[in-house]
Amino acid sequence: MSEPPAVKRPAGEGSLASALPEFAWPPFPGDAAASMLALVYQLEETQWWPARRLLARQLEQAAALVEHARRNVPFYRTRLPASDRRMTWKAWRRIPVTSRAELQHAGESLFARSLPPGHAPVQPVRTSGSTGRPLATLTSAPASALGVAINLRGLLWHEVDFSARAASIRRVTEHEPGPAPGSWGACFESGAHVVGDVRRSVGDQVEWLIAERPRYLLTYPTMLDAIARHCEERGLTLDFIDRLSSFGEVLDPAVRERCRRVLGLEIIDSYSAQETGVLTSQCPERGAQHVASEAVLLEVLDESGRACRPGRVGRVVVTCLANFASPLIRYDIGDYAEAGGACACGRGLPVIARIAGRLRNMLLLPDGTRRWPFSSTLEFAANDAIRQFQVVQKSAETLEARLVVSRPLGGAEQEAFVKALVRALRHPFRVELRFLDAIARGAGGKYEDFLCEVPLPD
Ligand SMILES: [Zn+2]
């Protein structure tokens, strides 16, 4: 057996928050911090386990979750197989996949009538419902703690300095105020965490960042793109920032490139959903997205429900292994992703090569097939006057291209845009241009550059 790797330490002078007052060194963690450190310690080890060993322990945990759900959660009573002492991969694959619509319809029948000791308290989670209808779930104490530990592991991978100031720009509402100030490093002594509202203009965001001077910035990829464009136009730098992090939307390679070129900054991307927590974190060595296997069993399935081989795109189906409060078992989250092979970094955590997006963000071709509209290039929007764009498919043959421009586009420019767009989509769609003052984000704060409004199949 190989030696367990050394547990990572936070960068710089970052240290544990001590629970003992008037005691200089070493810091003594309080109960909650000690428990969190014990989780992080285990995650530092399990990430190196071979994939097979990870899967075996996942199935063991899945068996406990399934048994609990069958007994205590009305929604699952008839959906799950009778109890089986040992969960095999074959038995697992027979459990039906549950759609988001089914969960929405399930309402409170998704909530556990009773919980094992130690799983309380539970917290309500209400997804923003960018598709219209929100989804109400609960999260348990162990699920929340594991989520924090997974997040900490991701931060340790990238050697962040918890003592530094961090900022996030996100959706802020009365019900979703974001993390409390000063808490971003959990059990480590942390710098302030300031939160900005994503609905403010990009000019206001940049002004706010210059006033706050955070060392780390976390926000949506499209917000990073808007900030980089704004800084480029005005010759501004954000040299106090060390690292950018993104979440919530598909990160386009062109956005990475722009942030690198204009701001000299790298982006660390992650994949998460409100109802599931963190699903993947970016590999510190290879850049791939590693699945947080200790918290989720994530499957990428093809149309016939079989696991996709590396390189193939399929729908993402997740099981939240720690959450017994409103179990999500083989939940079709509505996203598509490309399955990846083993990562050269040596971690056994499975890899998602690329998060592709949601079905409503796919282009529909007249023959009924769908594909990703802008998989490699956004060259059609390269005109400096185009500040924002959104392409909306109105029918199998027609698109509406919504544009926000800094000056009117001439006839030749409009024609060039349409030509380049049609070329990128590889089909002669009829394109109507619509000029707007602004293009709003969806209800969840996310921005979608392509939307198919042709009714989707259920
Ligand atoms: Zn890796």
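What you see is a predicted model; the values in this text were computed from it and never measured.

(A) Expanded view of the overall build of the protein chain. Looking only at helices and strands, one finds nine helices and 20 strands in the protein chain. Rg of the C-alpha trace for the protein chain: 23 Å, near the compact-globule value of 23 Å for 458 residues, within the 12% margin. Along the first, second and third principal axes, the C-alpha atoms of the protein chain reach 70 × 55 × 45 Å. Within the protein chain, residue pairs in contact and separated by at least 24 positions form 64% of the contacts whose partners lie at least 6 positions apart.

(B) Focus on the sheet that holds strand β18 (residues 398–405). The four strands are arranged β19-β18-β17-β20 in an open sheet whose pairing can be described as mixed. A strand with exactly one partner marks an edge of an open sheet, and here the two such strands are β19 (430–435) and β20 (450–452). Across the sheet, the mean angle separating the axes of adjacent strands is 20° when strand polarity is ignored. Pairing between strand β17 (residues 386–393) and β18: seven bridges, direction antiparallel. Across the sheet, the residue bridging to Gln390 is Arg402, located in β18.

(C) The arrangement of the packing of helix α1 (residues 31–46) against helix α5 (residues 141–157) in detail. Two numbers describe how α1 lies on α5: the axes approach to 9 Å, and their chain directions differ by 55°. In terms of their interaxial angle, α1 and α5 are classed as oblique. The way α1 lies across α5 gives a crossing that is right-handed. In contact with Met36, Leu39, Val40, Leu43 and Glu44 of α1, α5 contributes Ala145, Leu146, Val148, Ala149, Ile150, Leu152 and Arg153. Looking at the contact of α1 with α5 residue by residue, the class counts come to 10 nonpolar, no polar and two charged.

(D) Broad picture of the packing of helix α7 (residues 221–234) against helix α8 (residues 253–263). In contact at an axis separation of 9 Å, α7 and α8 are set at 35° when each is read in the N-to-C sense. Every pair of crossing elements has a handedness; the one defined by α7 and α8 is left-handed. For the pair formed by α7 and α8, the contact residues are Pro221, Leu224, Asp225, Ala228, Cys231 and Glu232 on the first element and Val255, Arg258, Cys259, Val262 and Leu263 on the second. Classifying every residue of the contact of α7 with α8 gives eight nonpolar, no polar and three charged.

(E) A look at unusual backbone geometry. At the junction of Trp25 and Pro26, the peptide bond is cis and its omega measures out at -5° in the coordinates. Looking at the element boundaries, Pro26 is found in the segment before α1. The omega torsion across Ala120 and Pro121 is 0°, close enough to zero to call that bond cis. Its location among the elements puts Pro121 in the loop between α4 (100–106) and β2 (123–126). A positive phi angle, near 55°, is found at Glu22, a position not held by glycine. Structurally, the position occupied by Glu22 is in the segment before α1. By C-beta crowding, Glu22 is classed as exposed, having 5 other C-beta atoms within 10 Å.

(F) Examining the nonpolar core more closely. Core analysis: the biggest nonpolar cluster contains 95 residues, and Leu279, Val296 and Val318 have the highest contact counts within it. Ranked by residues supplied to this core, first place goes to α5 with eight residues.

(G) Up close: α7. Along its 14 residues, α7 runs 20 Å from first to last C-alpha, staying within 8% of the 20 Å computed at 1.5 Å per residue. Here α7 has its buried residues at Pro221, Thr222, Met223, Leu224, Asp225, Ala226, Ile227 and Ala228. Considering only its buried residues, α7 is in contact with β4 (166–170), α6 (202–212), β6 (216–219), β7 (243–246), α8 and β8 (267–273). Gly235 lies just past α7 and shows a positive phi near 65°.

(H) Looking closely at the pairing of strand β13 (residues 331–339). Examined bridge by bridge, strand β1 (residues 98–99) and β13 share two bridges and lie parallel to one another. Counted as the bridge partner of Thr98 is Tyr331 from β13. In the sheet, strand β12 (residues 313–320) pairs with β13 via five bridges, with the strands oriented antiparallel. Bridge assignment links Val313 to a residue of β13, and that residue is Glu338. Relative to strand β14 (residues 351–358), β13 is paired through five bridges, and the arrangement is antiparallel. Paired with Glu338 across the strands is Arg354, a residue of β14.

Reading the values: the criteria
- Residues numbered from 1 in each chain as written.
- Predicted model: local features only at pLDDT ≥ 70, side-chain atom pairs only at ≥ 80, totals over all residues.
- Helix = DSSP H or I, 4+ residues; strand = E, 2+ residues; numbered from the N terminus.
- Rg over C-alpha atoms; globule rule 2.2 N^0.38 Å.
- Contact = placed C-beta atoms within 7 Å.
- Pairing = 2+ DSSP bridges.
- Axes fitted to C-alpha atoms, helices over the stretch in contact; angles between N-to-C directions.
- Parallel < 35°, antiparallel > 145°, perpendicular 65-115°, else oblique.
- Left-handed = near helix turned anticlockwise from the far one by under 90°.
- Nonpolar A, V, L, I, M, F, W, Y, C, P; charged D, E, K, R; others polar.
- Buried ≥ 20, exposed ≤ 12 C-beta atoms within 10 Å, placed from the backbone.
- Core = buried A, V, L, I, M, F, W, Y, C linked by C-beta atoms within 7 Å.
- Expected span 1.5 Å × (residues − 1).

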